[in-house]
Amino acid sequence: MSDGGRIRTLIVDDEPLARRRIRRLLAHDTEVEVIGECADGDEAVKAIHEQAPDLLFLDVRMPALDGFQVLEQSKSRQSPLVVFISAYDEYALRAFTIPAVHYLQKPFDRKQFEEALHRVKERLAAERGGELTQRTFALLEELRARTSQPKRLLVRTKHHTFFLKVEDIDWIKADGKYVELYVGRDSYQIRESISGMEARLDAKMFQRIHRSTIVNLDRVVRLEPWFHGEHRVFLRDGTVLIWSRNFPKPPEAF
(Lines give C-alpha, C1' and ligand atoms only; values in the text may rest on other atoms or scores of the structure.)
Protein backbone atom coordinates (compact mmCIF):
# COMPACT_ATOMS: atom_id res chain seq x y z
CA MET A 1 0.00 0.00 0.00
CA SER A 2 1.00 3.63 -0.37
CA ASP A 3 2.47 5.58 2.53
CA GLY A 4 -0.98 6.91 3.40
CA GLY A 5 -2.34 3.38 3.67
CA ARG A 6 -4.60 3.69 0.64
CA ILE A 7 -5.24 0.69 -1.60
CA ARG A 8 -3.39 1.35 -4.86
CA THR A 9 -5.77 0.11 -7.53
CA LEU A 10 -5.43 -0.62 -11.25
CA ILE A 11 -8.49 -0.99 -13.49
CA VAL A 12 -8.06 -3.35 -16.47
CA ASP A 13 -10.88 -3.70 -19.01
CA ASP A 14 -11.00 -3.31 -22.79
CA GLU A 15 -14.34 -1.47 -22.57
CA PRO A 16 -14.00 2.29 -21.81
CA LEU A 17 -17.49 2.46 -20.30
CA ALA A 18 -16.68 -0.40 -17.93
CA ARG A 19 -13.48 1.32 -16.79
CA ARG A 20 -15.27 4.62 -16.20
CA ARG A 21 -18.01 2.93 -14.18
CA ILE A 22 -15.51 1.21 -11.88
CA ARG A 23 -13.66 4.49 -11.41
CA ARG A 24 -16.93 6.23 -10.48
CA LEU A 25 -17.80 3.50 -7.98
CA LEU A 26 -14.39 3.96 -6.33
CA ALA A 27 -14.38 7.77 -6.44
CA HIS A 28 -15.82 8.36 -2.96
CA ASP A 29 -13.87 5.66 -1.14
CA THR A 30 -11.09 7.41 0.75
CA GLU A 31 -9.28 4.10 1.31
CA VAL A 32 -8.74 3.55 -2.42
CA GLU A 33 -6.36 5.30 -4.82
CA VAL A 34 -6.86 4.57 -8.54
CA ILE A 35 -3.34 4.64 -9.99
CA GLY A 36 -4.27 3.86 -13.59
CA GLU A 37 -6.41 2.22 -16.24
CA CYS A 38 -5.43 -0.30 -18.91
CA ALA A 39 -7.34 -1.18 -22.07
CA ASP A 40 -5.60 -4.48 -22.82
CA GLY A 41 -3.44 -7.19 -21.30
CA ASP A 42 -0.11 -5.88 -22.58
CA GLU A 43 -0.71 -2.49 -20.97
CA ALA A 44 -1.71 -4.22 -17.74
CA VAL A 45 1.46 -6.33 -17.50
CA LYS A 46 3.59 -3.22 -17.98
CA ALA A 47 1.61 -1.24 -15.40
CA ILE A 48 1.77 -4.03 -12.82
CA HIS A 49 5.55 -4.26 -13.15
CA GLU A 50 6.03 -0.49 -13.03
CA GLN A 51 3.48 0.46 -10.36
CA ALA A 52 3.03 -2.68 -8.19
CA PRO A 53 -0.67 -2.13 -7.38
CA ASP A 54 -2.33 -3.63 -4.32
CA LEU A 55 -5.54 -4.44 -6.17
CA LEU A 56 -6.63 -5.23 -9.74
CA PHE A 57 -10.11 -5.00 -11.16
CA LEU A 58 -9.36 -7.36 -14.03
CA ASP A 59 -11.51 -8.30 -17.01
CA VAL A 60 -11.18 -12.02 -17.74
CA ARG A 61 -11.62 -11.80 -21.52
CA MET A 62 -9.60 -9.22 -23.46
CA PRO A 63 -7.84 -9.04 -26.81
CA ALA A 64 -4.23 -10.29 -26.95
CA LEU A 65 -3.60 -11.33 -23.32
CA ASP A 66 -6.58 -12.40 -21.23
CA GLY A 67 -6.81 -11.84 -17.47
CA PHE A 68 -5.16 -15.15 -16.63
CA GLN A 69 -2.22 -14.46 -18.92
CA VAL A 70 -1.79 -10.99 -17.40
CA LEU A 71 -1.31 -12.53 -13.96
CA GLU A 72 0.97 -15.27 -15.25
CA GLN A 73 3.27 -12.72 -16.87
CA SER A 74 3.32 -10.63 -13.68
CA LYS A 75 4.41 -13.38 -11.29
CA SER A 76 7.83 -11.86 -10.68
CA ARG A 77 6.30 -9.02 -8.68
CA GLN A 78 4.39 -8.98 -5.39
CA SER A 79 0.97 -10.33 -6.27
CA PRO A 80 -1.95 -7.88 -6.09
CA LEU A 81 -5.35 -9.01 -4.97
CA VAL A 82 -7.64 -9.59 -7.92
CA VAL A 83 -11.33 -8.96 -8.51
CA PHE A 84 -12.15 -10.77 -11.75
CA ILE A 85 -14.80 -9.20 -13.97
CA SER A 86 -16.53 -11.13 -16.73
CA ALA A 87 -19.78 -11.40 -18.67
CA TYR A 88 -19.47 -15.21 -18.77
CA ASP A 89 -21.66 -17.20 -16.39
CA GLU A 90 -19.39 -20.25 -16.41
CA TYR A 91 -16.90 -18.36 -14.24
CA ALA A 92 -19.57 -17.47 -11.72
CA LEU A 93 -20.19 -21.15 -11.05
CA ARG A 94 -16.60 -21.65 -9.90
CA ALA A 95 -14.90 -18.45 -8.89
CA PHE A 96 -16.54 -18.20 -5.47
CA THR A 97 -14.83 -21.46 -4.48
CA ILE A 98 -11.52 -19.61 -4.71
CA PRO A 99 -10.97 -17.55 -1.55
CA ALA A 100 -7.91 -15.59 -2.74
CA VAL A 101 -9.86 -13.73 -5.44
CA HIS A 102 -13.34 -12.29 -5.94
CA TYR A 103 -15.62 -12.28 -8.95
CA LEU A 104 -18.09 -9.79 -10.44
CA GLN A 105 -20.36 -10.82 -13.27
CA LYS A 106 -21.43 -8.10 -15.70
CA PRO A 107 -23.75 -6.33 -15.31
CA PHE A 108 -23.19 -5.84 -11.57
CA ASP A 109 -24.80 -3.27 -9.30
CA ARG A 110 -23.33 -0.97 -6.63
CA LYS A 111 -24.17 -3.37 -3.81
CA GLN A 112 -22.33 -6.26 -5.48
CA PHE A 113 -19.36 -4.01 -6.21
CA GLU A 114 -19.18 -2.77 -2.62
CA GLU A 115 -19.35 -6.35 -1.34
CA ALA A 116 -16.35 -7.27 -3.52
CA LEU A 117 -14.41 -4.26 -2.29
CA HIS A 118 -15.27 -5.07 1.32
CA ARG A 119 -13.86 -8.58 0.91
CA VAL A 120 -10.69 -7.13 -0.60
CA LYS A 121 -10.23 -4.82 2.39
CA GLU A 122 -10.75 -7.67 4.83
CA ARG A 123 -8.15 -9.79 3.07
CA LEU A 124 -5.61 -6.99 2.86
CA ALA A 125 -6.03 -6.42 6.57
CA ALA A 126 -5.64 -10.10 7.38
CA GLU A 127 -2.87 -11.27 5.07
CA ARG A 128 0.42 -9.93 3.79
CA GLY A 129 3.41 -11.08 1.76
CA GLY A 130 4.50 -14.20 -0.05
CA GLU A 131 2.04 -16.60 1.53
CA LEU A 132 -0.83 -14.74 -0.12
CA THR A 133 1.06 -14.58 -3.41
CA GLN A 134 1.66 -18.32 -3.54
CA ARG A 135 -1.89 -19.18 -2.59
CA THR A 136 -3.34 -16.75 -5.14
CA PHE A 137 -1.44 -18.31 -8.03
CA ALA A 138 -2.05 -21.87 -6.87
CA LEU A 139 -5.77 -21.21 -6.81
CA LEU A 140 -5.57 -19.30 -10.08
CA GLU A 141 -4.13 -22.40 -11.75
CA GLU A 142 -7.04 -24.39 -10.34
CA LEU A 143 -9.50 -21.89 -11.80
CA ARG A 144 -7.82 -22.03 -15.21
CA ALA A 145 -7.95 -25.83 -15.26
CA ARG A 146 -11.59 -25.94 -14.25
CA THR A 147 -12.80 -23.27 -16.70
CA SER A 148 -10.88 -24.41 -19.78
CA GLN A 149 -12.60 -26.20 -22.66
CA PRO A 150 -16.19 -25.63 -21.52
CA LYS A 151 -18.81 -28.14 -22.64
CA ARG A 152 -21.48 -25.44 -22.87
CA LEU A 153 -21.56 -21.75 -23.73
CA LEU A 154 -24.06 -19.24 -22.43
CA VAL A 155 -25.97 -17.63 -25.31
CA ARG A 156 -28.22 -14.60 -24.95
CA THR A 157 -30.78 -13.65 -27.59
CA LYS A 158 -33.43 -10.92 -27.61
CA HIS A 159 -36.00 -13.36 -26.29
CA HIS A 160 -34.21 -15.84 -24.05
CA THR A 161 -30.96 -17.09 -22.56
CA PHE A 162 -29.77 -20.69 -22.79
CA PHE A 163 -26.75 -22.97 -22.69
CA LEU A 164 -25.46 -24.18 -26.06
CA LYS A 165 -23.54 -27.45 -26.22
CA VAL A 166 -20.12 -26.81 -27.75
CA GLU A 167 -20.28 -30.08 -29.69
CA ASP A 168 -23.38 -28.77 -31.52
CA ILE A 169 -21.46 -25.89 -33.13
CA ASP A 170 -20.74 -26.45 -36.83
CA TRP A 171 -18.39 -23.53 -37.39
CA ILE A 172 -17.49 -20.11 -36.01
CA LYS A 173 -16.88 -16.79 -37.74
CA ALA A 174 -15.14 -13.70 -36.34
CA ASP A 175 -17.17 -10.48 -36.21
CA GLY A 176 -15.05 -7.77 -34.59
CA LYS A 177 -15.17 -8.18 -30.81
CA TYR A 178 -17.77 -10.91 -31.29
CA VAL A 179 -17.99 -14.34 -32.85
CA GLU A 180 -20.92 -15.87 -34.70
CA LEU A 181 -21.68 -19.48 -33.77
CA TYR A 182 -23.33 -21.46 -36.57
CA VAL A 183 -25.54 -24.33 -35.44
CA GLY A 184 -27.52 -25.92 -38.25
CA ARG A 185 -29.75 -23.21 -39.72
CA ASP A 186 -29.35 -20.99 -36.67
CA SER A 187 -26.57 -18.63 -35.62
CA TYR A 188 -25.82 -16.94 -32.29
CA GLN A 189 -23.50 -14.07 -31.45
CA ILE A 190 -21.44 -13.89 -28.27
CA ARG A 191 -18.83 -11.40 -27.15
CA GLU A 192 -15.48 -13.13 -27.68
CA SER A 193 -12.51 -12.72 -30.01
CA ILE A 194 -11.81 -15.49 -32.49
CA SER A 195 -8.44 -16.11 -30.82
CA GLY A 196 -10.07 -16.25 -27.40
CA MET A 197 -12.62 -18.73 -28.66
CA GLU A 198 -9.90 -20.85 -30.25
CA ALA A 199 -8.05 -21.01 -26.93
CA ARG A 200 -11.16 -22.22 -25.13
CA LEU A 201 -12.09 -25.02 -27.50
CA ASP A 202 -10.78 -28.58 -27.64
CA ALA A 203 -8.14 -28.61 -30.40
CA LYS A 204 -9.00 -32.23 -31.19
CA MET A 205 -12.52 -31.17 -32.14
CA PHE A 206 -12.15 -27.62 -33.47
CA GLN A 207 -9.56 -26.34 -35.95
CA ARG A 208 -8.70 -22.74 -36.81
CA ILE A 209 -8.58 -22.73 -40.62
CA HIS A 210 -8.55 -19.01 -41.33
CA ARG A 211 -7.91 -15.80 -39.41
CA SER A 212 -11.69 -15.41 -39.13
CA THR A 213 -12.88 -19.04 -39.12
CA ILE A 214 -12.93 -22.07 -36.81
CA VAL A 215 -14.54 -25.33 -37.92
CA ASN A 216 -15.84 -28.38 -36.09
CA LEU A 217 -13.81 -31.15 -37.78
CA ASP A 218 -16.64 -33.63 -37.28
CA ARG A 219 -18.76 -31.57 -39.72
CA VAL A 220 -16.21 -31.72 -42.55
CA VAL A 221 -17.12 -34.16 -45.34
CA ARG A 222 -14.37 -33.38 -47.85
CA LEU A 223 -11.55 -31.02 -48.81
CA GLU A 224 -10.61 -29.82 -52.27
CA PRO A 225 -7.38 -28.08 -53.31
CA TRP A 226 -8.00 -24.44 -54.17
CA PHE A 227 -5.83 -21.59 -55.42
CA HIS A 228 -2.42 -20.65 -53.96
CA GLY A 229 -2.13 -23.60 -51.60
CA GLU A 230 -5.53 -23.13 -50.02
CA HIS A 231 -8.34 -25.69 -49.72
CA ARG A 232 -12.09 -25.55 -49.96
CA VAL A 233 -13.81 -27.17 -46.97
CA PHE A 234 -17.24 -28.75 -47.49
CA LEU A 235 -19.44 -29.26 -44.44
CA ARG A 236 -22.34 -31.68 -44.03
CA ASP A 237 -24.94 -28.92 -44.42
CA GLY A 238 -23.42 -27.70 -47.70
CA THR A 239 -21.48 -24.78 -46.24
CA VAL A 240 -18.19 -24.15 -48.05
CA LEU A 241 -15.29 -22.55 -46.17
CA ILE A 242 -11.69 -21.76 -47.08
CA TRP A 243 -8.73 -23.38 -45.31
CA SER A 244 -6.03 -20.71 -45.55
CA ARG A 245 -2.46 -21.62 -46.39
CA ASN A 246 -1.41 -19.45 -43.42
CA PHE A 247 -2.78 -22.05 -41.00
CA PRO A 248 -1.59 -25.63 -40.39
CA LYS A 249 -2.26 -27.93 -43.31
CA PRO A 250 -5.40 -30.10 -43.15
CA PRO A 251 -4.73 -33.34 -41.27
CA GLU A 252 -4.63 -36.56 -43.24
CA ALA A 253 -7.40 -38.00 -41.14
CA PHE A 254 -9.76 -36.44 -38.62
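All values reported here derive from a predicted model rather than from experimental measurement.

1. Examining the environment of Ser 79
Step number 1: Structurally, Ser 79 is set in the loop between α3 (67-72) and β4 (81-86).
Step number 2: With relative accessibility at 10%, the residue Ser 79 sits in the buried group.
Step number 3: The spacing of Ser 79 and Asp 54 is 25 residues in sequence and 7.7 Å in space, taken between C-alpha atoms.

2. Focus on the packing of aromatic side chains
Step number 1: This structure, assessed with the given rule, holds 5 aromatic pairs.
Step number 2: The residue whose ring lies beneath Arg 152 is Phe 163, and the NZ or CZ to ring-centre distance is 4.1 Å.
Step number 3: Positioned above the aromatic ring of Phe 234 is the side chain of Arg 222, whose terminal nitrogen or guanidinium carbon lies 3.9 Å from the ring centre.

3. Considering unusual backbone geometry
A negative phi angle is the norm for most residues apart from glycine, just as the trans form is the norm for most peptide bonds.
Step number 1: The step from Lys 106 to Pro 107 runs through a cis peptide bond, and the omega angle for that step is -5 degrees.
Step number 2: By secondary structure assignment, the location of Pro 107 is in the loop between β5 (101-105) and α5 (110-126).
Step number 3: The backbone phi angle of His 228 is positive, close to 55 degrees, even though this residue is not glycine.
Step number 4: Looking at the element boundaries, His 228 is found in the loop between β13 (220-225) and β14 (231-235).
Step number 5: Residue class for His 228 comes out exposed when judged on its relative accessible area of 64%.

4. Some details on the sheet that holds strand β11 (residues 206-210)
Step number 1: The strand order across the open sheet formed by 5 strands is β10-β9-β8-β12-β11, and the pairing between neighbours is antiparallel. Every interior strand has two partners, whereas the edge strands, β10 (186-191) and β11, have only one. Strand-to-strand twist in this sheet, taken as the mean axis angle between neighbours without regard to direction, amounts to 25 degrees.
Step number 2: As paired strands, β11 and strand β12 (residues 213-216) are joined by 4 bridges and run antiparallel to one another. From the neighbouring strand, Gln 207 faces β12, where its bridge partner is Val 215.

5. Remarks on the sheet that holds β14
Step number 1: Strand order in the open sheet formed by 3 strands is β13-β14-β15, with antiparallel pairing between adjacent strands. Taken across any chain shown, the strands that pair with only one partner, and hence form the sheet edges, are β13 and β15 (240-243). The sheet shows a mean angle of 30 degrees between the axes of neighbouring strands, direction not considered.
Step number 2: One ladder, built from 5 bridges, connects β13 with β14; its direction is antiparallel. Bridge pairing in β14 places Val 220 opposite Leu 235.

The rules behind these values
- Residues numbered from 1 in each chain as written.
- Predicted model: local features only at pLDDT ≥ 70, side-chain atom pairs only at ≥ 80, totals over all residues.
- Heavy atoms only, no water.
- Helix = DSSP H or I, 4+ residues; strand = E, 2+ residues; numbered from the N terminus.
- Buried < 20%, exposed > 50% of the residue type's maximum accessible area, 1.4 Å probe, protein only.
- Phe/Tyr/Trp six-rings, centres within 6.5 Å; stacked < 30°, edge-to-face > 60°.
- Lys NZ or Arg CZ within 6 Å of the ring centre and 35° of its normal.
- Pairing = 2+ DSSP bridges.
- Axes fitted to C-alpha atoms, helices over the stretch in contact; angles between N-to-C directions.

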